[in-house]
Every structure is written in C-alpha cells, then in structure tokens.
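Close look at the chain arrangement
The residues making up each chain are set out below.
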Amino acid sequence: MTTDNKQSELRQQVRKWLASNTPKAWRETMTGVDQQVFVAAQQAWFKNLVAEGYATPHWPAGYHGGGRSLAEQQVIYEEIARADAPRLIMYFVSLYHAACTLIECGTKEQQEKYLPGILNGEIWCQGFSEPNAGSDLASLKTKAERRGDKYIINGQKIWSTMGQYADRCLLLARSDNTGVPQAGLTYLLLDMKAKGVSVRPIHQITGDDEFAEIFFDDVEVDIADRVGEEGQGWAIAQTTLASERGLTLVELSQRMRHKMPLLVETLKQQGLSSNQALQKDLAKVIAKVDACCAVADQYLLKRITHTEGVGDASIVKLFYARTLRDFVSLGRDCAGLDGQYFTDCVRGATQETGLWMLDFMNSYNWSIAGGSDEIQRNIIAERMLGMPREPKQWTTK
Ligand SMILES: Cc1cc2nc3c(=O)[nH]c(=O)nc-3n(C[C@H](O)[C@H](O)[C@H](O)COP(=O)(O)OP(=O)(O)OC[C@H]3O[C@@H](n4cnc5c(N)ncnc54)[C@H](O)[C@@H]3O)c2cc1C
C-alpha cells in the first residue's frame, strides 16, 4: 500500500471512530457546569482516546499509540479538530509534559513506574512557578533538602494547571543556594497525596478554576524519584517546557484552523460579509492561521528527526499566541454587542468557542503560560539569533 493510501485509510478510521465516540453536544453540556461533572466527562473521554491510541501519537515507537510519522500525527490531530472533540485539558500535563520528560530524561525504572500510570489516567501537574518566580524561574525558592535517601520539600508553587486534581507533580526545587541560581535546582517527581501537601484552587475571572496553589510542608520525596542528577533540574525543566511550548500546539493550531468558520459565521450574522476592510482582516487571519499550522508541523518534524534547536519551541509558542489573539480579537470586534459581554465558560473547550469575550480573555493564557511572549522573544533573540543579552537585572526562563 502506498503512503498516501495508508494515510487516507488512517483518516477514514479516525474519522469513523470519532463520529461514533465524540461526546455528543459536549459544548452545551459543559457550559457553566460544576468542575466535578467536568472531571467525570474528561475521565471518560481520556479513557476512550487512550484505548484507541489517539491520545499518544506523539510518544515514541514502542509506547502505546506512539511511533506515528509526522503525516499520521497530522491526520489524527486534523480529524480530532474536524470532529470538534473536547480537549483533554486535565491530562495534557500528563500526556505531554510528564511523558516527554520521563521518556527523554527519566531512568528506565521511572519510565516503567510512571508511564503506565499516565495511560491509566493518573493526573500530573507542573510545579515550577512561584509567587516571586515566574519569568525569572531560576530564582525559585521552594527548598529540597537532602536527608539520607530522601529530599524534604518546603515551600509554595502557584498557577499549577489542574493541581487540585493531580496525583503527581513535576517539581522544580532548590537543593543548593550557592553558585548561579540555575545550578542549584533539582527536578523531582512528587506524590500529591503525600503527607504535607496542601492544594488551594485559584478562582478565575471566567468562573473557571483551572489552576491551584500548592503548599509543601516537610514533604518527603524518595531519591529514586529525582530526574537526572542533583543540580541538573534546570536542564531537565527545559525538556518539559519545550513540550509545553511546542508539541501541545501542533494539536491546538489544527483546532484553530478548523474553527475558522466561526469567524465567517459571525461576519454573516452581523451582516458584515461584504465589508471590505473586514474581508481583508479575515484574509490576514486565515493566512496567519495556516502559517501557524505549518510552523507547528515543522517543529513536530524536527522533534521526530531529532533536529530540534534552542528556541524552535519558542517560535511555535509565540506565533501561536499572537495568531490566536488576532483570531479572537477579530471575532470580538465583528460580533457587535454579543462580542462585548461574558456569559459562561465552556469547560474542555480550546480558546475558540465563538463566545468571543470568553475567547478573548482565554487567549491571554497562551501569552503567559510556559513563559510569556516577552520571554519567548528574549530566547529567540539571544539564544537563536545571538543578539546581545538584556541588562543583568533581568533573568529569563
Ligand atoms: C494558562 C496558564 C497556565 C499555567 N500553568 C502553569 C503550570 O501548570 N505550572 C507552572 O509552574 N506555572 C504555570 N503557569 C505560570 C506561568 O509559567 C507564569 O505565569 C509565567 O511564567 C509568567 O510568570 P509570572 O506570572 O510570575 O509573571 P512575571 O514573571 O512577574 O511577569 C510579569 C510581566 O513582566 C514581563 N517580564 C518579566 N520578565 C521580563 C523580561 N526579562 N523581559 C521582558 N519582560 C519581562 C512578562 O512578560 C510579563 O508581561 C501558567 C500560567 C498560565 C497563564
């Protein structure tokens, strides 16, 4: 069978499966619902997608669902976007951040211990940011003190996505205070059910509570749950951040492309379809979204061929965040009064629901999460293009 035939067969398979398995009318049923209802829906959808191998096409060969070529991954993401299936927001840290870090940097024992748990629905969160350490991540203060074969953790994290539901945490903590800040960081896998962990959800302007603060009070982590050596945490964290900045966005760019009709529909509804200025804006957004998918795909190809360079993931992240903002801003501008007020949040949706004020507010997520736009620009300028570094009082993620 030729490659084209194989892809078209896969497309038919995925499309058929999605047609009978995508939760029906989920946007309606997930609008304004309680988090617990949302959690149950996510668990069921996760189980289904994982069983079929469609949640892990980005995992390497030899792992469940993994080893897919660039073209196959594109097909799967395109079809999921076309079917407008819910996003696995409760699980993306597990499937991308945790899995990619374990596969690239974990020991065989750690992979065997934790990857099956991810496929069985264990939820991971990322504990990097602190109240005074976001962009300047290297200044973080949560302490990991070595006592025999354990680390004792004390401190606080903030903005941990889905932290209140997490079973485990990718923790970046300070094991040494001497020397350059980056060199004193250690990367640990922490059990969120361990004694001394407490979690407080953060309520957002949209009515959602996607994030949590996490407090650690003498929490014990076994030395076997350290990724890499003591003091290597900064380098390991770059692997986690690259999966967040680049890989996740391959799927989200496709979803944005398939949501383009929302913009066209909004123009129609408002009787603005023949407005030439708006037609021009629409054309620009369409071109940018297509370019965004191409940039994300190119990044995926680099991952598959192991040719990824410093800053490649930052380009995807920055371009996606800016394109998304243009997309939803145009929707908000065209929607008249409807675009000016906020109704309810749709849980499990991406940033393009057609509830334009909600989408506009949510679009800021991607300009901040995983390092702000300004930080991505710094990385691209300084580390890729070799431009002069910014003045010393700033440090960057
Ligand atoms: C949707 C979302 C999900 C997130 N999920 C997680 C998660 O799961 N786990 C986690 O650990 N964190 C998470 N975060 C936190 C995120 O990583 C931080 O918010 C981000 O790194 C920015 O840090 P900060 O909020 O402390 O802002 P600050 O670092 O205080 O930045 C404030 C402003 O100053 C600008 N700035 C800062 N330094 C510079 C500089 N050197 N040059 C130019 N401008 C600069 C920034 O761009 C920003 O506009 C999430 C955030 C969001 C929005």
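Everything quoted here is computed from the prediction, not taken from an experiment. (Residues numbered from 1 in each chain as written. Predicted model: local features only at pLDDT ≥ 70, side-chain atom pairs only at ≥ 80, totals over all residues.)

Take the pairing of strand β2 (residues 143-147) next. Side chains on a regular strand alternate between the two faces of the sheet. Looking at chain direction, β2 and strand β3 (residues 150-161) are connected through five bridges and run antiparallel. Residue pairing across strands places Lys-143 opposite Asn-154, the latter belonging to β3. Counted between consecutive antiparallel strands, the loop separating β2 from β3 contains two residues, among which Gly-148 sits at a positive phi close to 65°. (Pairing = 2+ DSSP bridges. Helix = DSSP H or I, 4+ residues; strand = E, 2+ residues; numbered from the N terminus.)

Take the site of the ligand next. As a matter of local geometry, the ligand sits amid 22 residues, with Phe-128, Gly-134, Ser-135, Ala-369 and Ser-372 nearest to it. Secondary structure elements with two or more residues in the shell around the ligand: β1 (124-127), β3, α12 (365-368) and α13 (373-384). Residues that form the shell around the ligand fall into these classes: seven nonpolar, 13 polar and two charged. (Near = placed C-beta within 6 Å. Nonpolar A, V, L, I, M, F, W, Y, C, P; charged D, E, K, R; others polar.)

A word on the domain arrangement of the protein. Put simply, an interface is often sized by how much accessible area is lost when its parts join up. For the protein, the assigned domains are domain 1 (3-87), domain 2 (100-232) and domain 3 (236-384). For the side of domain 2 that touches domain 3, the elements supplying multiple residues, two or more each, are α5 (92-105) and β4 (168-174). Ranked by residues supplied to the side of domain 2 that touches domain 3, first place goes to α5 with four residues. Of the residues that constitute the side of domain 2 that touches domain 3, the class distribution is eight nonpolar, seven polar and two charged. (Domains from an automatic or database assignment.)

The end-to-end C-alpha distance of α5, which contains 14 residues, comes to 18 Å, matching closely the 20 Å that a straight helix rising 1.5 Å per residue would cover. Of all the bends in α5, the largest measures some 30° and sits at Ala-99. When you tally the buried positions in α5, you get 11 out of 14 residues, the bulk of the element. Of all the residues in α5, the buried ones are Phe-92, Val-93, Ser-94, Leu-95, Tyr-96, His-97, Ala-98, Ala-99, Cys-100, Thr-101 and Leu-102. (Expected span 1.5 Å × (residues − 1). Bend = angle between axes of the 7 residues up to and from the residue. Buried ≥ 20, exposed ≤ 12 C-beta atoms within 10 Å, placed from the backbone.)

Ala-99, Cys-169, Leu-188, Leu-190, Ala-296, Val-316 and Tyr-320 are the most contacted members of the largest nonpolar core, which totals 104 residues. Sort the elements by how many residues they give to this core and helix α10 (residues 312-334) lands first, with 12 residues. If near-sequence neighbours (up to four positions away) are discounted, Cys-169 is found in contact with Trp-124, Cys-125, Gly-127, Leu-190, Met-192 and Ile-214. (Core = buried A, V, L, I, M, F, W, Y, C linked by C-beta atoms within 7 Å. Contact = placed C-beta atoms within 7 Å.)

This brings us to unusual backbone geometry. Leaving glycine aside, a negative phi is the common case for residues, and trans is the common case for peptide bonds. We note that Met-162 has phi near 60°; this positive angle belongs to a residue other than glycine. With respect to the secondary-structure elements, Met-162 resides in the loop between β3 and β4. Judged by local crowding, Met-162 falls into the buried class, with 24 C-beta atoms found within 10 Å. You will see that Asp-218, though not glycine, has its phi angle at about 55°, which is positive. With respect to the helices, strands and loops of the structure, Asp-218 is situated in strand β7 (residues 211-222). Take Asp-218: there are 10 C-beta atoms within 10 Å of it, and that puts it in the exposed class.

So, about the environment of Ile-379. Tracing the backbone shows Ile-379 in helix α13. Among the residues examined, Ile-379 registers 22 C-beta atoms within 10 Å and is labelled buried. Ile-379 sits 309 residues away from Leu-70 along the chain, and the two C-alpha atoms are 26 Å apart.

Spanning 26 residues, helix α7 (residues 233-258) covers 38 Å between terminal C-alpha atoms, matching the ideal 38 Å at 1.5 Å per step. A bend of about 45° at Leu-249 is the largest found in α7. Most of α7 sits out of view: 21 of its 26 residues are buried.

Attention shifts here to the environment of His-258. Position of His-258 among the secondary structure elements: in helix α7. Exposure remark for His-258: the 20 C-beta atoms within 10 Å place this residue in the buried category. A C-alpha to C-alpha distance of 13 Å links His-258 and Lys-288, two positions 30 residues apart in sequence. If we skip the residues at most four places from it in the chain, His-258 touches Ala-81 and Arg-82.

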